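Chain by chain, the residues:
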Amino acid sequence: MPSLTLEHLTTREGLPSNEVWSLTNDKQGFLWIGTGRNICRYDGYNFLRLDSLKLGYCSGVSTDSNGDIYTSNDTRGLCKIDAKTLTVKTLVINNYDDSDPTNDLHEQGMVDSHDQVWVCDYTSVKRYDPETGKLHRYTFSQTASGGDVYQYASFFEDSKRRLWIISEIGLYQYDRNTDKLVCMLGKEAALIKNRIPIRLSKACEDSKGNLWIGGYEYGLVRFSPSDQSFTIRKVGFEHNQVSCVQESQDENGRKLLFVGTNDGISIFYPDRNELYNLPEFYKNGIRVKAMYEDKVNRILWIGTSDGVYKYRYGNAGIHTIAIPAGVVRLPVQITTILPAPDETFLLGLSHSGALLWKPSENFFKLLPYPAHALTQQMRWIQGRPYAFTDKGVFAGDIKKGKFSVFQSTSVLFKNTDFRDGLVDKKGRLWIANLNEGLKVIDPASKQEIKLWSAREGRKLVNLTYLKAILEGTDGRIWVATCSRGLFFFDEKAGKFINIETLPKNKGKMIGGDCINGMQKGPNGSILISSWGGVSKLSSTGSILSTFEFKTDALNDTYCANIAEMSDENLWFSTNEGIHIANLKTRAIRYLTTIEGLKSNAPVGFYPRSGNELFLGHTNAINILDINQLNNNIISPRVVISTVEVKGKTLHQDLTKEIFLGPDENSITFNFSTLNFEPASKNLFSVKLEGFETNWIDLGNQHTVSFTNLPAKSYRLLVRSRNSSGKISDRPLIVQFRVEPYFINTLFFRTLIGLAIAAMIVAMMRWRVNTLAERNRLDLQIAEWRLKALQSQMNPHFLFNSLNSVQNYLLTNRGVEGAKYLSKFSKLVRRIMENSNHQYLSFEQIIDTLRMYVEIESFRFNHEFSYTFDIEDNEVLLDAHLPPMLLQPYVENAIWHGLMPKEGEKKLKITARILDKHIVCTIEDNGVGRTFAPRTEGHVSRGQEMTKGIFESLRHKDSDAKIEFIDLFDADNNPAGTRVSMKIPLENV
């Protein structure tokens, strides 16, 4: 079974819905995802939803030759998204309201190489021509199994630009010459052998030109366009419906098919006829609905009922070999790798023993230990493999296929935890025990050789323990400890020397004093990896170079194993992947599971011939091709994802200059490399020309904001550095300009100068004309004032009032008549007093108006109610106005609005101050203006008088106006009249 690593994206990461139906990349490299709720665009960091397509299951998404997006949305229909501005246009609407079922759906949208858009519904296939805007419909004579008209279809175009329609009644090919669909597999097939009942779903093309098609209850279908032959594999899919298929690669670059079903994902190797089910899908019953291969980033995107799964199918320079099940109890960790004769290797394990592995045949055989032990190190000693474990030292016999206890160690050591051993150039056997230190053994006599004093031996293990030993090119023995650093043995002096005490290393430090791994380097150099960093030393112990976490860009402090490869870089393992440190530039790049490692924390580590690096993982081995990995390094690119102005997404072509208003100088840029790696793998730096002169490192932050920028033009430059340390060849450039306020422009200043000059001339002319104009206006207002007096004292009003008094007296209601006569006389006296003034305060005008309304209410036996809502404002009450602006319309509301009405009658008079104007309203709930036409008389004269006053007022204030508004009830019947006046506060 292939070893696959999949990442998972759901609504937790921002996906609109976990139901994913369609996937594609646009021309820029953004991933578009059609979900059960919306379509969105993914840049590797964020999911951008389109506001105009908030809801709706999106069954299809595709890109045309211009880069624009076509999508089928069930609440809208067929839509087009402008890739530059992200604006949405509906091309064909889903119409559910009429009786025609052929326009209800436009689903599974797909654009072919001729920019023709294909959609389907449950009755037919349709082709939309963007140039003409016409929709062409193709129907089928056959129906789906069971007799239902159910021709739901998907579309696929192969490498030869042949368009295939995969329908639920068969496989069809589109003939562009005749504009017809030709059945290739199904009941209508031209070849008799292909006339079979079959229900198909979605298709893909393999590297040999064959079509692989999902068949609902028919399994996996292979169709060869060259000879129209087909095969159907039902085995393995007896209980599943195959929904989609996609050719891809496994972790070692071998071709395979991902087969999506209604229950999960299966892996099928056609050349070996091997089928595997991925348990993480089938255990949870995850339905697979769509798959899309991003060949640029070597990613297979899988749309499911549980979000999107991302499978990055590795790096061409990294191969993975899995330990077969049954060879050894799994899981097991490969802790050490030792070359053996005949191009084989011994793999030390975390339990059970060691595996004999022959890569050319992928052959594995277990050589068991006499005890279950953790292999710390394996060495080839005197023609035999030795395993140094936590349960003792074991000597191997490959022919017998087993290991046995090395008895000498059990005699000389009490502790059974051994870390390393070697045979030096003099044939002596050195054994490193975790707590008891070093001992040297004569292989012939099996006796210990004393090369140092007991005191010196205790010095080596004081407050530390041994990790590894190594013989240098000059024969000296190097001893790695934790946590007292690195020692070498001076045999002449019989002493262990700590390299940090050497005068030539004064002021220099190694990466860390707890050493985890040690290896020979070129020219006799010594390489060590420690907690905290790595170092390279000369053959005599001089510290040549160190990379450590405090000063260098290490992703982790735990450095386990190290080698200097043919590219002259240091390759060392950590818990966060393989680090590659350049000794000349001191740049560091990284390899992780993103690039194809089985895990980020390999344990086994073996450099082979400088060009290959073997890594031991749990249940697997990675083989790294150094040259191929170095040649596959590409320069990262940067694209603008979105631009936000004051928190809102800007919808415009971002390749063109952006113009911002003077109050829009808060702008945010979001960018991406579109390699869909984790945020930690992409580093960004920016420079804003016109504001900053230096590059600013943002780290892995993929957004930058600017606020309060001065009005001018700017150029934003953005570049990226990937995990390989490669920087963008060309930075992304975005141009934008902040416009100044109008008052700060040269045009405005020139305009102000001209305006001042014009004002001086105008004031001189005004001085000449203003006095005459004022006299004319005053005379006109005086004339209107006389007419107003006539309007108030018109014969109808006097006659009706006196008749009311007479009626009170004749009906023996003398008290009421006396009260009425008293109020009437006060009103007449007030009107006569007011007639002596050209202007009155608004308070006096309202008091007079109250008296008038009270008399009219009295006279009509209180048939109507009235309210005065006057703002308590000194400015309002002290304002001086012509006395007769309101009274004619109040009288009109009572006589012609309320009196003819049956039922409740209301009158409301309001006044407010608003924007240096008095706003008055007179509103009644009467019969309305259309009930009875007005006749010449009191009302028409009052209106004429008020209009004349407002015409005079408008000479001073253009906002002065009077409006008549007809009111209606919910049934559109007349419900009264409102008169609204807007009067300037200044005296006329």
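This text follows the structure it describes.
Residues numbered from 1 in each chain as written. Predicted model: local features only at pLDDT ≥ 70, side-chain atom pairs only at ≥ 80, totals over all residues. Heavy atoms only, no water.

Visitor: Honestly, the overall build of the protein chain in this entry has me stumped. Any pointers?
Guide: The helix and strand tally for the protein chain stands at 11 helices and 72 strands. Whereas a compact globule of 988 residues would reach a radius of gyration of roughly 30 Å, the protein chain reaches 47 Å, over 25% beyond that. Considered along the principal axes of its C-alpha atoms, the protein chain spans approximately 155 × 85 × 60 Å. A buried classification covers 52% of the 988 residues belonging to the protein chain. (Helix = DSSP H or I, 4+ residues; strand = E, 2+ residues; numbered from the N terminus. Rg over C-alpha atoms; globule rule 2.2 N^0.38 Å. Buried < 20%, exposed > 50% of the residue type's maximum accessible area, 1.4 Å probe, protein only.)

Visitor: Explanation requested: the sheet that holds strand E8 (residues 77–81) in the structure shown.
Guide: The strands that make up a sheet are held in pairs by hydrogen bonds between backbone atoms, and each pair lies either parallel or antiparallel. Taking strand neighbours across the sheet as the criterion, the 4 strands line up as E6-E7-E8-E9 in an open arrangement whose pairing is antiparallel. Strand pairing shows two members of the sheet lacking a second neighbour, strand E6 (58–63) and strand E9 (88–93), which therefore form its edges. Each strand of the sheet is rotated relative to its neighbour by a mean of 20°, with strand direction disregarded. (Pairing = 2+ DSSP bridges. Axes fitted to C-alpha atoms, helices over the stretch in contact; angles between N-to-C directions.)

Visitor: Please clarify how a negative patch on the surface should be interpreted in this entry.
Guide: On the surface, a cluster of negative charge is made up of Glu-843, Asp-847, Asp-872, Glu-874 and Asp-878. Structurally, Glu-874 is set in helix H9 (residues 874–878). The exposure class assigned to Glu-874 is exposed, which follows from its relative accessible area of 65%. (Patch = residues over 30% accessible without salt bridge, like charges linked within 9 Å, V, L, I, M, F, W, Y side chains within 5 Å. Areas by Shrake-Rupley, 256 points an atom, 1.4 Å probe, with all protein chains shown as cover. Salt bridge = Lys/Arg side-chain N within 4 Å of Asp/Glu carboxyl O. Lys, Arg positive; Asp, Glu negative; His and termini not counted. Charge placed at Lys NZ, Arg CZ, Asp CG, Glu CD.)

Visitor: Would you take a moment to explain the layout of surface pockets for this structure?
Guide: Where empty space is left can be seen by rolling a probe of water-molecule size over the atoms. For the second largest pocket, the calculated volume is near 1,100 Å³. Residue lining of the second largest pocket: 43 residues in total, with Thr-336, Gln-376, Gln-377, Arg-379 and Asn-561 positioned closest to the centre. Among the elements that make up the lining of the second largest pocket, the one with the highest residue count is strand E34 (residues 375–381) (7 residues). Residue composition of the lining of the second largest pocket, grouped by class: 23 nonpolar, 14 polar and 6 charged. (1 Å grid on protein atoms, 1.4 Å probe; cavity = no way out; pocket = protein on both sides within 12 Å on 5 of 7 lines; lining within 4 Å. Points joined across faces, edges and corners; volume = space filled by probe spheres on them. Nonpolar A, V, L, I, M, F, W, Y, C, P; charged D, E, K, R; others polar.)

Visitor: What should I look at first to understand the sheet that holds strand E21 (residues 229–233) in this one?
Guide: With antiparallel pairing, the 4 strands of this open sheet are ordered in space as E18-E19-E20-E21. Each edge of the sheet is formed by a strand with only one pairing partner; in this case those strands are strand E18 (200–205) and E21. Averaged over neighbouring strand pairs, the angle between their axes works out to 20° when direction is ignored. As judged from the 5 bridges shared by strand E20 (residues 219–224) and E21, these two strands associate in the antiparallel manner. Its bridge partner being in E21, Leu-220 is matched across the sheet by Arg-233.

Visitor: What am I meant to see in the pattern of salt bridges here?
Guide: Under the defined criterion, the tally for this structure stands at 37 salt bridges. Measuring nitrogen to oxygen at the nearest pair gives 3.1 Å for the salt bridge that ties Arg-176 to Asp-112. Residue Arg-176 is found in the loop between strand E16 (170–175) and strand E17 (180–186), and its partner Asp-112 is found in the loop between strand E10 (107–111) and strand E11 (117–120); the two are separated by 64 residues along the sequence. A relative accessible area of 28% places Arg-176 in the partly exposed class. Arg-608 is paired through a salt bridge with Glu-612; the nearest N and O atoms lie 3.2 Å apart. Each of Asp-424, Lys-426, Arg-428 and Glu-491 takes part in a single network of salt bridges with overlapping partners.

Visitor: Got a minute to help me understand the nonpolar core in this structure?
Guide: Soluble globular proteins tend to pack their nonpolar side chains together in the buried interior. In this structure, Phe-842, Leu-886, Val-890 and Leu-907 are the most contacted members of the largest nonpolar core, which totals 42 residues. Those elements that provide at least two residues to this core are helix H7 (814–834), helix H8 (842–859), helix H10 (887–898), strand E69 (906–914), strand E70 (917–924), helix H11 (938–953) and strand E72 (974–984). Here the element with the most residues in this core is H8; it accounts for 9 residues. With near-sequence residues (within four places) excluded, Leu-886 lies in contact with Phe-842, Ile-845, Ile-846, Leu-849, Cys-920, Ile-922 and Met-981. (Core = buried A, V, L, I, M, F, W, Y, C linked by side-chain atoms within 4.5 Å. Contact = heavy atoms within 4.5 Å.)

Visitor: What's the story with the state of the cysteines in this structure? I'm lost.
Guide: Throughout this description, disulfide means a covalent bond between two cysteine sulfur atoms. Counting across every chain of the model gives 1 disulfide. In this model, Cys-482 is linked to Cys-514 through a disulfide, with the two sulfur atoms separated by 1.8 Å. Note on the Cys-482 and Cys-514 pair: the S-S dihedral is about -95°, so by sign convention the disulfide is left-handed. Taken together, the residues span a long stretch of sequence, with Cys-482 in strand E43 (residues 477–482) and Cys-514 in the loop between strand E45 (495–498) and strand E46 (515–520) at a distance of 32 residues. (Disulfide = S-S within 2.5 Å.)

Visitor: Explain the packing of aromatic side chains here, please?
Guide: As enumerated under the stated definition, the model contains 42 aromatic pairs in all. Seen in terms of ring centroids, Trp-21 and Tyr-57 are 5.0 Å apart; in terms of plane orientation they differ by 65°. Their pairing is edge-to-face. Taken together, the residues span a long stretch of sequence, with Trp-21 in strand E2 (residues 20–25) and Tyr-57 in the loop between strand E5 (47–49) and E6 at a distance of 36 residues. Relative accessible area serves as the criterion here: at 29%, Trp-21 is assigned to the partly exposed category. (Phe/Tyr/Trp six-rings, centres within 6.5 Å; stacked < 30°, edge-to-face > 60°.)

Visitor: Explain the side chain of Lys-536 here, please?
Guide: Relative to the elements of secondary structure, Lys-536 occurs in strand E48 (residues 533–537). Among the polar contacts listed, one links the side chain of Lys-536 to the side chain of Glu-564, at a separation of 3.0 Å. Beyond its immediate sequence surroundings of up to four residues, Lys-536 is in contact with Ser-525, Ile-526, Leu-527, Ser-542, Ile-543, Leu-544, Ser-545, Glu-564 and Leu-583. (Polar contact = N/O pair within 3.5 Å; in protein donor to acceptor, adjacent residues only side chain to side chain.)

Visitor: Would you mind going over a positive patch on the surface with me for this structure?
Guide: On the surface, Arg-384, Lys-400, Lys-402 and Lys-446 cluster together into a patch of positive charge. Assessed through its relative accessible area of 33%, Arg-384 is described here as partly exposed.

Visitor: Hey, could you run me through the packing of H8 against H10 in this one?
Guide: Packed helix pairs are specified by the crossing angle of their axes together with the interaxial distance, meaning the distance between the axes. One way to put it is that H8 packs onto H10 with a least axis distance of 11 Å and a crossing angle of 15°. As summarised for this structure, H8 and H10 are arranged roughly parallel, according to the angle between their axes. Crossing of H8 against H10: the hand is right-handed. Between H8 and H10, the contacting residues are Leu-849, Tyr-852, Val-853, Glu-856 and Arg-859 on the first element and Gln-887, Val-890, Glu-891, Ile-894 and Trp-895 on the second. Classifying every residue of the contact of H8 with H10 gives 6 nonpolar, 1 polar and 3 charged. (Parallel < 35°, antiparallel > 145°, perpendicular 65-115°, else oblique. Left-handed = near helix turned anticlockwise from the far one by under 90°.)

Visitor: Please clarify how H10 should be interpreted in this entry.
Guide: In an α-helix, one turn spans 3.6 residues; hence positions three or four apart end up facing the same way. The first and last C-alpha atoms of H10 sit 15 Å apart over 12 residues, in line with the 16 Å expected at 1.5 Å per residue. Judged by how many residues are buried, H10 sits mostly within the fold: 10 of 12 residues are covered. Along H10, the residues that are buried comprise Gln-887, Pro-888, Tyr-889, Val-890, Glu-891, Asn-892, Ala-893, Ile-894, Gly-897 and Leu-898. (Expected span 1.5 Å × (residues − 1).)

Visitor: For this particular structure, what's the right way to read the pairing of strand E3 (residues 31–35)?
Guide: Within a regular beta strand, the side chains point alternately toward one face of the sheet and then the other, so they alternate between its two faces. Burial analysis of E3 places 5 of its 5 residues in the buried class, the great majority of the element. Of the two faces of E3, the one holding Leu-31, Ile-33 and Thr-35 and the one holding Trp-32 and Gly-34 are both buried throughout. Where E2 and E3 come together, 5 bridges link them in antiparallel fashion. If you follow Val-20 over to E3, its bridge partner there is Thr-35. Note: E3 against strand E4 (residues 39–42), 4 bridges, orientation antiparallel. The residue bridging Trp-32 from the neighbouring strand is Arg-41, located in E4. Where E3 folds back onto E4 in an antiparallel hairpin, the turn is made up of 3 residues.

Visitor: Help me understand the pairing of E70 in this model?
Guide: With 6 of its 8 residues buried, E70 lies for the most part within the structure. Pairing geometry for E69 and E70, over 8 bridges, is antiparallel. Bridge pairing in E70 links Thr-910 to Thr-921. Connecting the antiparallel pair E69 and E70 is a turn made up of 2 residues, with Asp-915 showing a positive phi of about 50°. Pairing of E70 with E72, which is carried by 8 bridges, proceeds in the antiparallel orientation.

Visitor: What's the story with a nonpolar patch on the surface in this structure? I'm lost.
Guide: Together, Ile-752, Ile-756, Ile-760 and Met-764 make up a nonpolar patch on the protein surface, roughly 380 Å² of accessible area in all. Along the chain, Ile-760 falls in helix H5 (residues 746–792). For Ile-760, a relative accessible area of 48% puts it in the partly exposed group.

Visitor: What should I look at first to understand the environment of Gln-151 in this one?
Guide: Looking at the secondary structure, you find Gln-151 in the loop between strand E13 (134–139) and strand E14 (153–157). Judged by relative accessible area, which is 1%, Gln-151 ranks as buried. Measuring from C-alpha to C-alpha, the distance between Gln-151 and Phe-413 comes to 80 Å, with 262 residues separating the pair along the chain.

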